[in-house]
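So the chains spell out like this:
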Amino acid sequence: MSLLEIENLSLDIGAQPILKGVDLSIEAGEVLGLVGESGSGKSMTALTVMQLLPEPARTTGSVRFNGSDILAMSEERMCELRGDDIGMVFQEPMTALNPLKTIGEQVAEGIRWHTGANRKDAETLAQKMLERVGLPAAMFPLSRYPHELSGGQRQRVVIAIACALKPKLLIADEPTTALDVVLQAQILDLLRDLVDENRMGLLLISHDLAVVTEVADRITILRGGEVMEAGDTAQTLSAQAHPYTRQLTLASMHVPSRVNTQSLIGAEPLLDVRGVTRDYPVRRRSLFAKSEPFRAVDHVSFSMNAAQSVALVGRSGCGKSTLARIILALDEPSAGAIAFRGEQITGLDQTAMRPARRDMQVIFQDPYGSFDPRQRVERLVAEPLHLLDKRPTGAERRDMVATALHEVGLQSNDMHKYPHEFSGGQRQRLSIARAIITRPKLIIADEPVSALDVSIRAQILDLLADLNQRLGIAYLFITHDLTVARAITDEVLVMEGGMIVETGKTAEVLSHPRSAAARALVDAAPDLRRALARRMQEQG
Amino acid sequence: MNGPTSHATAAEAGFFARAFTNRSFVIGFCVTAIIAAMALLSFFWTPYDVTRLIVADRMQPPSSAHLLGTDQFGRDMLSMIMVGARNSIAVALVAVGIGMGLGVPLGCWAAARGGILDEVLMRFNDLVFAFPALLSAIMITAIFGPGAINAIIAIGIFNIPVFARVSRAGALALWPREFILAARAAGKGKALITVEHILPNIANLLLVQGTIQFALGILAEAGLSYLGLGAQPPMPSWGRMLFDAQTRMVVAPYLAIVPGMAIVITVLALNLIGDGISDTLDPKLRRRP
């Protein structure tokens, strides 16, 4: 008898079918990777097991946990199960914790509720659990609040809550998607260790094949609510019997074809950053203590040429986004200067900045947050046209928007729609259309593909590479993901603690990292090919 | 659920077309429309003249001749409610207008500039908030004399910090969003961004707050005229009708019930409209089947 056995599970929400005949099973001590793109029903499968589905949901089929049918269970019985025998880890560590309660209270809460232990015993147990997930009491006392912890530390607290009562089954829904690669590797290790220690079953939900390959024993691939293929991870992914499996694997390893566009050496650099520093004031600890400002960016200097594609990689909080905002003149540097096309742009007023802004555009990470929900695509994509000296007429403006939409592979009649009518990948195309409409020389892209599914990610990378070739746009790619850096850039800058610690050709830095920061990033980066090779080797 | 949808028509249909599919909006809107129509009608026609006193008909219970009965001077209650509605609506509407007209620009300005200006504006706001609104309104009308105009100004002043605060909070939540950053990267200034992006996105907050303040304005006007500080006789008003009725509660309870119900129904209808608007304008709720 399996620990969890799902047979022929179908789920409808309202009139919409979400899952169609899903089968999967997890043994004790086994990691099952559930892979699929957004909307494939991965999270809904997890919520079905937890019986936390939204209201108008109807399920058929059977979900047996430890032999008893979950679908037929009463709510009271489910409450006993949740958090005791089945634990859950969510994607967003920022919102999965209650900001008003200390971490000790939050870990102890479940223990007290389920075991009826008194506060003192529960806290001792909570302490032990927090230590187990890597938050020792000396540095992280129980009285800490979530906002005092970083993203990775918060995710450890969430895992401590889920595992405090040694559940038989742990469901982890994209547990590392919001974290940088180094933290991701640490959290995956922790989960794997907890599985081995307690002979726990782990249902690991992810869109990232590389992550699943590193951790999961078996894999189930979902698409549109149906199981496409299931089986041993290494075998399934190397045999690629099902066409969709092949498509996913190829997309995960996709590298856009691009001619090396090394621009003219010796020409005047397009962007020249000299000694840029940014200090943020820190709130004083006491009335008389002098406050040390926090230095987010520390004497950064680099330059890039026209049509060159440069990656700026680093872990979260290393100052890369602050640097991007300073280059875009959305933030003022405390010291240092930036020259764009040979002209100094630091300290210019808005009017004097206009020509520079025209040639420098931006793409943001979140395709959902980067558009005003109340405006139509035509106005949104045309926004940078505000920078032209001569305002285009209505007809000219529509023409330019149509051209930009065509260039990113959308239709010209899409301009009459609102942003919510597009999918995530299409919205990222809209962001790119907005960025290229003024024919800029430089685009700063802040994690442009990290919120996208693998197949969409491959398409967007292709599009960006293509625009680089056709329009000669230089890119500054900000990312923590080395596969993206490798796929699309010539040079790489590695940042840590506000400083650039290593620069060089992308391929060289990634194969022979010299600095500790670069090495940590390279080692932790999930790589499907490498992970598969290792799995095959282990199994002989 | 985030996939592309074919709800282009739903999004493109005007706001009112969508609002009219919302039950609470429809109910609230209809009731408010009836009250507003009554108030408008009273300019041209009322069942009886509210300035004529017919003592012989005093304190008649509701009948076919006087649908809502008559008061202690024999005036027709329905006619008085109609003329009183005019007064209540005008006072509350202009007071909300004053509050929005001054409060929203102040709040948006504070949010856009930040720093010391924000601090000064908001502390001043707190200062105005610290005065109990109705008591201060009484003070203002006591100094400048009772009357509808002074009541409007008094209620209006205390609407300003409410709108300033709501619009500042809404704007502050929007400023760090990526689409605002994108607009800044497109070289738009803070004033232009406020007009193009901030205001449309806080419009739902402001509309909802506007209907709440409108309802509160009607209550405040009733309170002031109850104390004799609002519209002056012979102009009828709901608040003074309540005041006049209280000594006759036992003899003729409908004298208090009729203006009381008028106030309650109006306030309720306005709150329903507010609910309906916030449901309709919220794009997350909008696509729920």
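Just so it is clear, the model here is predicted, and its values are computed rather than measured.

Turning our eyes to something else, we now look at the overall build of chain B. If you tally the helices and strands in chain B, you get twelve helices and zero strands. Split into buried and exposed, the 289 residues of chain B put 43% on the buried side. When contacts within chain B are restricted to residue pairs at least 6 apart in sequence, those whose partners lie at least 24 apart make up 72%.

All names here are of chain A. If you trace the backbone, Asp85 turns up in the loop between helix 2 (75–81) and strand 6 (86–89). On the basis of neighbour counts, which here come to 16 C-beta atoms within 10 Å, the residue Asp85 falls in the partly exposed class. Sequence separation between Asp85 and Pro167 is 82 residues; the distance between their C-alpha atoms is 4.2 Å.

This paragraph deals with the domain arrangement of chain A. All names here are of chain A. Domain boundaries in chain A define domain 1 (4–252) and domain 2 (307–322 + 351–526). Taken over C-alpha atoms, the centre of domain 1 sits 32 Å from the centre of domain 2. Listed as interface residues are 18 residues of domain 1 and, on the opposing side, 14 residues of domain 2. Broken down by secondary-structure element, the contributors of at least two residues to the side of domain 1 that touches domain 2 are helix 6 (181–198), helix 7 (209–215) and helix 9 (243–252). Here the residues of the side of domain 1 that touches domain 2 sort into eight nonpolar, six polar and four charged.

If you look at soluble globular proteins, the nonpolar side chains tend to sit buried side by side. All names here are of chain A. In this structure, Leu204, Val381 and Phe477 are the most contacted members of the largest nonpolar core, which totals 232 residues. Shared between two domains, this core takes at least three residues from each, and those domains are domain 1 (4–252) and domain 2 (307–322 + 351–526). Ignoring any residue separated from it by four or fewer positions in sequence, one finds Val381 in contact with Val401, Ala404, Leu405, Met415, Leu430, Ala433, Arg434 and Ile437.

Right, let's talk about the interface of chain A and chain B for a bit. Taken together, the contact between chain A and chain B spans 31 residues of the former and 24 residues of the latter. Among the secondary structure elements, those contributing two or more residues to the side of chain A that touches chain B are helix 11 (350–358), strand 16 (360–363) and helix 14 (424–436) of chain A. The element contributing the most residues to the side of chain A that touches chain B is helix 11 of chain A, with four residues. Counted by class, the side of chain A that touches chain B contains eleven nonpolar, eleven polar and nine charged residues.

Residues and elements named next belong to chain A. An order of 16-17-18-13-19-20 is seen for the six strands of this open sheet, with the pairing classed as mixed. Both edges of this open sheet fall to strand 16 and strand 20 (499–505), since each of them pairs with a single strand only. Pairs of neighbouring strands in the sheet enclose a mean axial angle of 20°, with direction left out of account. Note that strand 13 (residues 309–313) and strand 19 (residues 491–496) share four bridges and pair parallel. Each residue of the ladder has a partner; that of Leu312, found in strand 19, is Leu493. Sitting on the sheet, helix 18 (residues 516–524) touches strand 13, strand 19 and strand 20, and the angle it makes with strand 19 is about 105°.

Right, let's get into the sheet that holds strand 10 (residues 226–232) of chain A. All names here are of chain A. The strand order across the open sheet formed by six strands is 6-7-8-3-9-10, and the pairing between neighbours is mixed. Pairing within the sheet leaves two strands with one partner each, and these edge strands are strand 6 and strand 10. Looking at each pair of strands side by side, their axes are set apart by 15° on average, direction ignored. Note that strand 6 and strand 7 (residues 169–173) share four bridges and pair parallel. Opposite Gly87, over in strand 7, you have Leu170 as the bridge partner. Along the sheet face, helix 1 (residues 42–50) touches strand 3 (31–35), strand 6, strand 7, strand 8 (201–206) and strand 9 (218–223) and points at about 150° away from the line of strand 7.

Residues and elements named next belong to chain A. Counting buried residues along helix 10 (residues 320–327), seven of its eight residues qualify, which places the element largely inside the surrounding structure. Every buried residue of helix 10 is listed here: Lys320, Ser321, Thr322, Leu323, Arg325, Ile326 and Ile327. Downstream of helix 10 by one or two residues, Ala329 has phi in the positive range, about 60°.

With that out of the way, let us pick up the confidence of the model for chain B. All names here are of chain B. Averaged over every residue, the pLDDT of chain B is 83; the share at 70 or more is 92%. Mean pLDDT across the elements of chain B ranges from a minimum in helix 1 (residues 8–12), with 38, to a maximum in helix 4 (residues 77–113), with 91. Interface confidence in the predicted complex, given as ipTM, is 0.74; pTM for the same model is 0.79.

This part takes up the packing of helix 6 (residues 133–144) of chain B against helix 7 (residues 148–174) of chain B. All names here are of chain B. Remark: helix 6 packs on helix 7, axes separated minimally by 9 Å, with the N-to-C direction vectors making an angle of 145°. For the pair helix 6 and helix 7, the sense of crossing is right-handed. Judged by residue contacts, Ala133, Ser136, Ala137, Ile140, Thr141 and Phe144 of helix 6 engage Asn150, Ala151, Ile153, Ala154, Ile155 and Phe158 from helix 7. Counted by class, the contact of helix 6 with helix 7 contains nine nonpolar, three polar and no charged residues.

Bringing the pairing of strand 9 of chain A into the picture now. Residues and elements named next belong to chain A. Most of strand 9 is tucked away, with five of its six residues classed as buried. Two elements, strand 9 and strand 10, share six bridges in a ladder whose sense is antiparallel. Note on strand 10: the bridge partner recorded for Leu222 is Val227. What sits between the antiparallel neighbours strand 9 and strand 10 is a turn of two residues, in which Gly224 has the positive phi angle 55°.

Here is what the cut-offs are and how they apply
- Residues numbered from 1 in each chain as written.
- Chains lettered and ligands numbered in written order.
- Predicted model: local features only at pLDDT ≥ 70, side-chain atom pairs only at ≥ 80, totals over all residues.
- Helix = DSSP H or I, 4+ residues; strand = E, 2+ residues; numbered from the N terminus.
- Buried ≥ 20, exposed ≤ 12 C-beta atoms within 10 Å, placed from the backbone.
- Contact = placed C-beta atoms within 7 Å.
- Domains from an automatic or database assignment.
- Nonpolar A, V, L, I, M, F, W, Y, C, P; charged D, E, K, R; others polar.
- Core = buried A, V, L, I, M, F, W, Y, C linked by C-beta atoms within 7 Å.
- Pairing = 2+ DSSP bridges.
- Axes fitted to C-alpha atoms, helices over the stretch in contact; angles between N-to-C directions.
- pLDDT = per-residue confidence, 0-100.
- Left-handed = near helix turned anticlockwise from the far one by under 90°.

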